[in-house]
Amino acid sequence: MSGEGALAVFARARDLERQGRSIIHLELGEPDFHPAAPVVEAGCGAIRAGRDRYVTSRGLPALREAIAEYLGRTRRLRISADQVLITPGCKPALSLAMMALIEPGDEVLVPDPGFPTYASMTRGLGAVPVPFRLLERNRLQPDPDEIESLVTRRSRVLLFNSPGNPTGTVYDSAALQRIAGIAVEHDLTLISDEIYARIVFSGAYDSISLMPGMAGRTVIVDGFSKSFAMTGWRLGFAVAPPALIDALDLLVINMFTSVAEFTQLAAIEALRDRTHAVDAMVEEYRRRRDLFVGGLNRIPGFRCALPEGAFYAWVNVGDTGLRADELCRLLLEEAGVAAIPGAAFGASGEDFVRFSLVSASPLLEEALARMQALASRWHTR
Ligand SMILES: Cc1ncc(COP(=O)(O)O)c(C=O)c1O
């Protein structure tokens with residue numbers, strides 16, 4: 001298995017800060033928002049009320065029902081509470097699903113660039129990650145012909161993330177339909193990581209599980225970290241056919257028994273979203289995206305398409321004439337701007353840098369100004 005490039009950059013950035021340097025942190029995917037006040041209140045109230053016992057391994061029935069209702073309301077999914085299992089974050093939902101589905105020697109199709117855990121967990125389970133590429137010349141969309149050409153008789157799972165980290169791509173419906181057809185034809189199970197499904201900048205979100213034949217072969221993993229700014233609360237969920245939920249439940253019983261009761265009660269309040277916190281947050285991400293991506297495209301040698309979702313800018317820096325890791329080092333050491341070399345997300349990321357839009361606009365403007373000032377240090381092609 002392997003770690004995450006973002007954490008290595010973060011560690012160096014913290015070193016520089018300890019030396020008194022000013023650093024703008026655009027490396028981690030951790031929003032600068034906090035949960036809405038009623039959510040915090042619900043969590044505190046639940047602790048005060050003694051709601052701190054072991055609870056059922058699948059998750060509180062009231063939360064599972066609230067998630068089924070929420071996915072109907074926000075994603076048009078028709079699912080029952082029996083198909084929902086609560087986990088301590090989206091990553092555990094993902095790894096439980098992978099453990100349940102993947103056997104040594106299997107092949108797992110994963111996006112390149114993509115979230116590093118996909119390939120790492122696959123290797124950890126003794127299976128083989130098979131990357132399919134999200135290329136600039138294809139608008140960072142997957143190419144279903146390429147995916148089909150990569151399927152073999154060992155292919156078992158296709159894993160993807162839309163809107164995607166690190167590219168911000170929202171898979172278009174033609175691609176989703178083709179991927180669904182490939183899954184049916186080759187009997188693949190899909191793991192659809194929908195952690196950014198609420199952060200889309202235009203149109204409704206289409207889950208692949210809505211496509212014909214998909215509900216029975218799709219596991220959705222999602223959580224509260226990004227949509228409700230609850231990263232450290234560690235809350236997520238999986239949605240799967242009931243038989244697979246039974247397998248995930250067995251893993252929960254053997255691994256962590258249950259998720260904390262008081263965070264689950266706060267999650268019910270988060271889903272109600274009485275203060276419309278999600279819409280306000282998405283609007284703020286849209287402003288940051290427009291500001292930052294516009295500014296990046298004015299920096300010599302940088303090229304960035306407008307992301308359609310999530311909160312990342314995926315920037316081609318090939319025209320600076322520097323390698324992306326050299327450029328990131330220069331940005332951090334000389335300008336105090338922390339970002340991640342794209343190769344951390346797969347071989348297709350070699351010429352790219354990922355910036356997270358998790359800082360407020362004045363900081364993003366300051367980061368742009370610092371990078372502009374440094375641009376004389378590279379000779380654009
Ligand atoms: C694509 C993707 N999936 C899952 C996660 C992890 O979510 P959680 O913090 O809920 O485990 C992240 C976090 O950065 C992510 O980018």
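It should be noted that the structure appears before, not after, this text.
Structure report, in brief.

About the cut-offs
Residues numbered from 1 in each chain as written. Predicted model: local features only at pLDDT ≥ 70, side-chain atom pairs only at ≥ 80, totals over all residues. Heavy atoms only, no water. Pairing = 2+ DSSP bridges. Helix = DSSP H or I, 4+ residues; strand = E, 2+ residues; numbered from the N terminus. Axes fitted to C-alpha atoms, helices over the stretch in contact; angles between N-to-C directions. Contact = heavy atoms within 4.5 Å. Near = heavy atom within 4 Å. Areas by Shrake-Rupley, 256 points an atom, 1.4 Å probe, with all protein chains shown as cover. Nonpolar A, V, L, I, M, F, W, Y, C, P; charged D, E, K, R; others polar. Expected span 1.5 Å × (residues − 1). Buried < 20%, exposed > 50% of the residue type's maximum accessible area, 1.4 Å probe, protein only. Arc of directions from axis to C-beta. Phe/Tyr/Trp six-rings, centres within 6.5 Å; stacked < 30°, edge-to-face > 60°. Core = buried A, V, L, I, M, F, W, Y, C linked by side-chain atoms within 4.5 Å. Domains from an automatic or database assignment. Salt bridge = Lys/Arg side-chain N within 4 Å of Asp/Glu carboxyl O. Polar contact = N/O pair within 3.5 Å; in protein donor to acceptor, adjacent residues only side chain to side chain.

### What about the sheet that holds strand β2 (residues 84-87)?
Link 1 in the chain: Here seven strands make up an open sheet; going across it, the order is β2-β8-β7-β6-β5-β3-β4 and the pairing mixed. One side of each edge strand has no neighbouring strand; the edge strands of this open sheet are β2 and β4 (128-133). Across the sheet, the mean angle separating the axes of adjacent strands is 20 degrees when strand polarity is ignored.
Link 2 in the chain: Where strand β7 (residues 218-223) lies against strand β8 (residues 236-239), four bridges are found, and the strand directions are antiparallel. Directly across from Ile 220, in β8, lies its bridge partner Val 239.
Link 3 in the chain: Contacts between helix α5 (residues 116-124) and the sheet are confined to β3 (107-112), β4, β5 (155-161) and β6 (189-193), with β4 contributing the most and set at about 155 degrees to the helix.

### Details of the environment of Gly 318
Link 1 in the chain: As for its placement among the helices and strands, Gly 318 is situated in the loop between β10 (312-316) and α11 (324-335).
Link 2 in the chain: When the C-alpha atoms of Gly 318 and Val 252 are compared, they prove to be 45 Å apart, with 66 residues separating the residues in sequence.
Link 3 in the chain: Sequence-distant contacts of Gly 318, that is, excluding residues within four places in its chain, are made with Gly 301, Asp 351 and Arg 381.

### Regarding the site of the ligand
Link 1 in the chain: Cys 90, Asp 193, Tyr 196, Ser 225 and Lys 226 are the nearest of the 13 residues found near the ligand.
Link 2 in the chain: In the complex, the protein chains occlude 91% of the 400 Å² of accessible area that the ligand would expose alone.
Link 3 in the chain: Grouping the constituent residues of the shell around the ligand by class yields five nonpolar, four polar and four charged.

### Regarding helix α8 (residues 242-255)
Link 1 in the chain: Spanning 14 residues, α8 covers 20 Å between terminal C-alpha atoms, matching the ideal 20 Å at 1.5 Å per step.
Link 2 in the chain: Taken together, the buried positions of α8 are occupied by Leu 244, Ile 245, Leu 248, Asp 249 and Val 252. Looking down the long axis of α8, one finds its buried residues gathered within 145 degrees of arc, a one-sided arrangement. In α8, the exposed positions that point more than 90 degrees away from the buried face belong to Ala 243, Leu 250 and Asn 254.
Link 3 in the chain: On its buried face, α8 is in contact with β2, α4 (90-101), β7 and β8.
Link 4 in the chain: Of the residues trailing α8, Thr 257 is marked for its positive phi of about 70 degrees.

### Focus on the packing of aromatic side chains
Link 1 in the chain: In total, this model carries 14 aromatic pairs according to the counting rule given.
Link 2 in the chain: The interplanar angle of 5 degrees and the centroid separation of 4.9 Å between the aromatic rings of Trp 314 and Phe 352 together place this pair among those described as stacked. Of this pair, Trp 314 sits in strand β10 while Phe 352 sits in strand β13 (residues 352-356); the two residues are 38 residues apart in sequence, bridging distant segments of the chain.
Link 3 in the chain: For Trp 314, a relative accessible area of 4% corresponds to the buried category.
Link 4 in the chain: What makes Phe 352 buried here is its relative accessible area of 7%.
Link 5 in the chain: Members of the aromatic cluster, connected to one another through ring pairs, are Phe 33, Tyr 196, Tyr 285, Phe 311 and Tyr 312.

### Brief notes about the sheet that holds β10
Link 1 in the chain: Strand order in this open sheet of four strands is β9-β10-β13-β12, and the pairing throughout is antiparallel. Each of the sheet's edge strands pairs with one partner strand only, and the pair in question is β9 (303-304) and β12 (340-341).
Link 2 in the chain: Pairing geometry for β10 and β13, over five bridges, is antiparallel. Its bridge partner being in β13, Ala 313 is matched across the sheet by Phe 355.
Link 3 in the chain: Sheet strands touched by α11: β12 and β13. Its angle to β13, the strand with the most contacts, is close to 40 degrees.

### Quick word on the nonpolar core
Link 1 in the chain: Residues Ile 191, Phe 224, Phe 292, Leu 296, Phe 302, Phe 355 and Met 371 are the most contacted members of the largest nonpolar core, which totals 97 residues.
Link 2 in the chain: Looking at which domains feed residues into this core, each of domain 1 (5-30 + 277-377) and domain 2 (37-272) gives three or more.
Link 3 in the chain: For Met 371, the residues in contact, after removing those within four places along its chain, are Phe 292, Leu 296, Ile 299, Phe 302, Leu 331, Val 337, Phe 355 and Trp 378.
Link 4 in the chain: Core analysis: the next-biggest nonpolar cluster, separate from the first, contains 19 residues, Ile 147, Tyr 171, Ile 208 and Met 211 among them.

### Some thoughts on the pattern of salt bridges
Link 1 in the chain: Taken as a whole and judged by the stated rule, the model has 31 salt bridges.
Link 2 in the chain: Where Arg 288 meets Asp 32, a salt bridge forms, and the shortest distance between an N and an O atom there is 3.0 Å. One end of the pair, Arg 288, is in helix α10 (residues 277-296); the other, Asp 32, is in the loop between β1 (24-25) and α2 (37-48), and 256 residues separate them in sequence.
Link 3 in the chain: The buried category is assigned to Arg 288, whose relative accessible area is 2%.
Link 4 in the chain: Residues joined in a network through salt bridges with shared partners are Asp 32, Glu 284, Arg 287 and Arg 288.

### Considering the side chain of Thr 167
Link 1 in the chain: Here Thr 167 shows up in the loop between β5 and α7 (173-185).
Link 2 in the chain: Given a relative accessible area of 5%, Thr 167 falls into the buried group.
Link 3 in the chain: In this structure the side chain of Thr 167 is engaged in a polar contact, spanning 2.6 Å, whose partner is the side chain of Thr 169.
Link 4 in the chain: Every residue in contact with Thr 167, bar those within four places of it in the chain, is listed here: Pro 113, Leu 134, Leu 140, Pro 307 and Trp 314.

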